2 protein chains.
Amino acid sequence: MAVSNIRYGAGVTKEVGMDLQNMGAKKVCLMTDKNLSQLPPVQTVMDSLVKSGISFQVYDSVRVEPTDGSFMDAIEFAKKGAFDAYVAVGGGSTMDTCKAANLYASSPHSEFLDYVNAPIGKGKPVTVPLKPLIAVPTTSGTGSETTGVAIFDYEHMKVKTGIASRAIKPTLGLVDPLHTLHMPCQVVANSGFDVLCHALESYTAIPYNMRSPCPSNPIQRPAYQGSNPISDIWAVHALRIVAKYLKRAVKNPDDLEARSSMHLASAFAGIGFGNAGVHLCHGMSYPISGLVKTYKAKEYNVDHPLVPHGLSVVLTSPAVFTFTAQMFPERHLETAEILGADIRTARTQDAGPVLADTLRQFLFDLKVDDGLGALGYSKDDIPSLVKGTLPQERVTKLAPRAQSEEDLSALFEASMKLY
Amino acid sequence: MAVSNIRYGAGVTKEVGMDLQNMGAKKVCLMTDKNLSQLPPVQTVMDSLVKSGISFQVYDSVRVEPTDGSFMDAIEFAKKGAFDAYVAVGGGSTMDTCKAANLYASSPHSEFLDYVNAPIGKGKPVTVPLKPLIAVPTTSGTGSETTGVAIFDYEHMKVKTGIASRAIKPTLGLVDPLHTLHMPCQVVANSGFDVLCHALESYTAIPYNMRSPCPSNPIQRPAYQGSNPISDIWAVHALRIVAKYLKRAVKNPDDLEARSSMHLASAFAGIGFGNAGVHLCHGMSYPISGLVKTYKAKEYNVDHPLVPHGLSVVLTSPAVFTFTAQMFPERHLETAEILGADIRTARTQDAGPVLADTLRQFLFDLKVDDGLGALGYSKDDIPSLVKGTLPQERVTKLAPRAQSEEDLSALFEASMKLY
């Protein structure tokens, strides 16, 4: 189990200059997106860098829900800059873009697909040394500050894929709850759904000792190991926090306790799924985001159609856990109970529906769009959605139950309307 | 929160040769003690090294409860060997000795006291790069595979002290439950008490945001940060395992489930206290071990008087938590409940006695010696015990309540007889 280095506390971001100084950094790349570049988290980081006398360049063209094209742009910037350290200030999109920039700038002769997950890319192991990267999350969902994963849309295949290697895990994550106060409510909700699904999927993933094939050399172990006694702790704990605080965090921007707790839950769930993996909600979410037509999420200030990652993940969750519950019904019931269900009279065979109903109620309370239909998808899109899921076997094979194409079709169909 | 890399599973030790190969090691130092050198865990490691074609030298003179002299002997061996990696197979004594050997062999011009904790040593920060160290714990108590701490008896002061730096944390811990089956029952009990106290002390340590002084630069942060939301998770989880499995693990050497669970609990509690710290039970334990006269623990095959670390720690626990409970009574009650107490009618002001009584019952059930008196200590020894505790301020200052010399005297006195 790889555990991540994070520092938690209100105001820890102010120390980033000293941290970089301690790492010997002299020329730093600060990555962020255009919205954030005007907001306090980036200002705090810049002030700290200036105070520590560290010279830096700002790259603020990170795309929300990045693509291979936007990754490439950031990589070019990183190559030209010849930086000796990176700071990423933002959500998953920014942290992931920065991980990719650091990787390819450190491995300048690699082709872009070399490190991208198979079967889309070559999935080569990373053997080059990378520069230090400090991640400062400003959303509470991705957990990217704790993981060795960078996700992007591979545009000409219209599908999400990524790079997964322990080597790209941030050197340090600064989990500073003060950054959560600027988040629009919809961003809090959607990023919270990502935490919810990280926790549920990693807790119900195939157990580490049932995964196959067993690699002959430990270096060939995948980043995602299956559920295990350590990731279980993180998953359950993150889920308890989601159950207690997500609604409060969404409804009241000034509820620092709730927003701080969700910020920490995001890191906790990240450590959990970063070791155990995710499965069907995430595997199916990539085409849901990738094939977006005209849907534009409320409160997201972007100039392109966008299904926020957390939304694309959570809409299939009732169908997915109905499907997987037969394998580990106790775990499904346990999570339903954490989310508020009364399971005293529930039978094992009802575990799936019980969890699904609990999730539907949870989403309804938060006024979430009524299924994939509300995002503009119809029955006719199901073949493309299935086709977009098939290459995600790196995650879908971690589901506790194998899926045929027919199964995937049925899961998408059941997710068209939720309530 | 700092990183600990562990791999858990029956048989993971067999992979150690490949792990070392993956780290580029060519000349490895294998450290263990004389008893273990004849037992399966060491044999498994040697077979794996041979299979991977890695040349190695064995140092089997580790002293159980090491001293500066025994550390020095191991350091000399390491310096002469010019090794490029280390494997420690054993309990805390072996892992700690190996950490020290790696550190001083990597920093050959340092004086021994340079890195030893102040005020006994100079407590210099470690800035030299160390060689990879793989720790293979064969007891279930120390958690040393996850921590940057190495403890020893400083002989001419008759007091325990240590080296604490993130730099000496093992590169990888192989937590293999198969190694727990050879452990004598008394070793299981005493090492389990260490887990119990790691969990209780780190959970009740002063909170990270109440610790002072707040260092101006993050590099000056101590290894022990005070209790925090992440260490709390590890502490509580470890405690639940202790409550459920320790008695079973002691009573039945063939109970693989119980012994495996305790092996993992040891690592969990290690990650917890490795970040949060321990306080009075540990601070007071060092003179209890260091001033030992003639007491020889049952089932420990050693040629010198010995109070096992876990025993020296747990005997003061009823007195210590009675003393500290007024600061965080809810946490004290919560831990009492986890350990089996019925707290439904307990009042906040009874938190100390409730936890103390629960601990006494727990120790009585496990037939633990009846207090410091049973170890050969009397009232006359209290001034020396207090004097030996005072230099332990690195840990004692993490207690939630400050202590005067009179307080320490009273705590030792209350620990002379338990039942």
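- By the naming in an unreviewed UniProt entry, chain A is Hydroxyacid-oxoacid transhydrogenase, mitochondrial, taken from Cricetulus griseus.
- According to its UniProt record, chain A has this under Sequence similarities (unreviewed entry): "Belongs to the iron-containing alcohol dehydrogenase family. Hydroxyacid-oxoacid transhydrogenase subfamily."
- Regarding chain A, the relevant UniProt record gives this comment under Subcellular location (unreviewed entry): "Mitochondrion".

Overview of the relation of the copies chain A and chain B
For step 1, the next point in the chain: Structural alignment of chain A on chain B gives an RMSD of 0.0 Å, achieved by rotating through 180° and translating 0.1 Å along the axis. On the angle and the small slide along the axis, the relation comes out as a two-fold axis.
For step 2, the next point in the chain: A shared binding surface is used by both copies, with 96% of the interface residues of chain A retained as interface residues in chain B.

Some details on the environment of A:N228
All names here are of chain A.
For step 1, the next point in the chain: Mapped onto the elements of the fold, N228 is located in the loop between α5 (185–204) and α6 (229–251).
For step 2, the next point in the chain: N228 sits 23 residues away from A205 along the chain, and the two C-alpha atoms are 9.0 Å apart.
For step 3, the next point in the chain: A distance of 2.8 Å separates a polar atom in the side chain of N228 from the backbone nitrogen of S231.

A few points about the packing of aromatic side chains
For step 1, the next point in the chain: Applying the stated criterion across every chain yields a total of 23 aromatic pairs over all chains.
For step 2, the next point in the chain: Between B:F77 and B:F83, the ring centres sit 5.7 Å apart and the planes meet at 25°, which makes this aromatic pair stacked.
For step 3, the next point in the chain: Seen in terms of ring centroids, B:F112 and B:F152 are 5.3 Å apart; in terms of plane orientation they differ by 65°. Their pairing is edge-to-face. In this pair, B:F112 is assigned in the loop between α4 (92–106) and β5 (133–137) and B:F152 in strand β6 (residues 149–154), connecting sequence segments 40 residues apart. One exposure class covers both B:F112 and B:F152, and it is buried.
For step 4, the next point in the chain: The ring of A:Y203 carries the charged tip of A:R331 above its face, separated from the ring centre by 4.2 Å.
For step 5, the next point in the chain: Its guanidinium or amino end placed over the ring of B:F83, B:K27 lies 5.7 Å from that ring's centre, counting from NZ or CZ.

Describing the UniProt feature "domain: Alcohol dehydrogenase iron-type/glycerol dehydrogenase GldA" (unreviewed entry) in chain A
For step 1, the next point in the chain: When the UniProt feature table is mapped onto this chain, "domain: Alcohol dehydrogenase iron-type/glycerol dehydrogenase GldA" (unreviewed entry) is found at residues 5–177 of chain A.
For step 2, the next point in the chain: With 28% helix and 23% strand, residues 5–177 of chain A has end C-alpha atoms that lie 17 Å from one another.

Looking at the interface of chain A and chain B
For step 1, the next point in the chain: Taken residue by residue, the interface counts 26 residues in chain A and 25 residues in chain B.
For step 2, the next point in the chain: A buried area of about 2,500 Å², summed over both sides, lies between chain A and chain B, and 62% of it is on carbon and sulfur atoms.
For step 3, the next point in the chain: On the surface where chain A and chain B come into contact, there are zero salt bridges.
For step 4, the next point in the chain: Inspection of the chain A/chain B interface yields two residue pairs in polar contact (both at pLDDT 80 or more).
For step 5, the next point in the chain: No other element matches α6(A), which puts five residues into the side of chain A that touches chain B.
For step 6, the next point in the chain: The residue makeup of the side of chain A that touches chain B, split by class, is 15 nonpolar, seven polar and four charged.

Remarks on the pairing of strand β8 (residues 172–175) of chain B
All names here are of chain B.
For step 1, the next point in the chain: Across the two faces of β8 the burial is the same, with L172 and L174 and G173 and V175 all buried.
For step 2, the next point in the chain: Sheet topology places strand β1 (residues 6–8) next to β8; three bridges connect them, and they run parallel. The partner of Y8 across the bridge, within β8, is V175.
For step 3, the next point in the chain: The sheet contact formed by β5 and β8 spans two bridges and is parallel. Bridge pairing in β8 links A135 to G173.

Criteria and cut-off values
- Residues numbered from 1 in each chain as written.
- Chains lettered and ligands numbered in written order.
- Predicted model: local features only at pLDDT ≥ 70, side-chain atom pairs only at ≥ 80, totals over all residues.
- Heavy atoms only, no water.
- UniProt positions renumbered as here; feature names shortened; annotations may be inferred.
- Least-squares fit on C-alpha atoms with pLDDT ≥ 70 in both.
- Contact = heavy atoms within 4.5 Å.
- Helix = DSSP H or I, 4+ residues; strand = E, 2+ residues; numbered from the N terminus.
- Polar contact = N/O pair within 3.5 Å; in protein donor to acceptor, adjacent residues only side chain to side chain.
- Phe/Tyr/Trp six-rings, centres within 6.5 Å; stacked < 30°, edge-to-face > 60°.
- Buried < 20%, exposed > 50% of the residue type's maximum accessible area, 1.4 Å probe, protein only.
- Lys NZ or Arg CZ within 6 Å of the ring centre and 35° of its normal.
- Buried area = accessible area lost by both parts, 1.4 Å probe.
- Salt bridge = Lys/Arg side-chain N within 4 Å of Asp/Glu carboxyl O.
- Nonpolar A, V, L, I, M, F, W, Y, C, P; charged D, E, K, R; others polar.
- Pairing = 2+ DSSP bridges.

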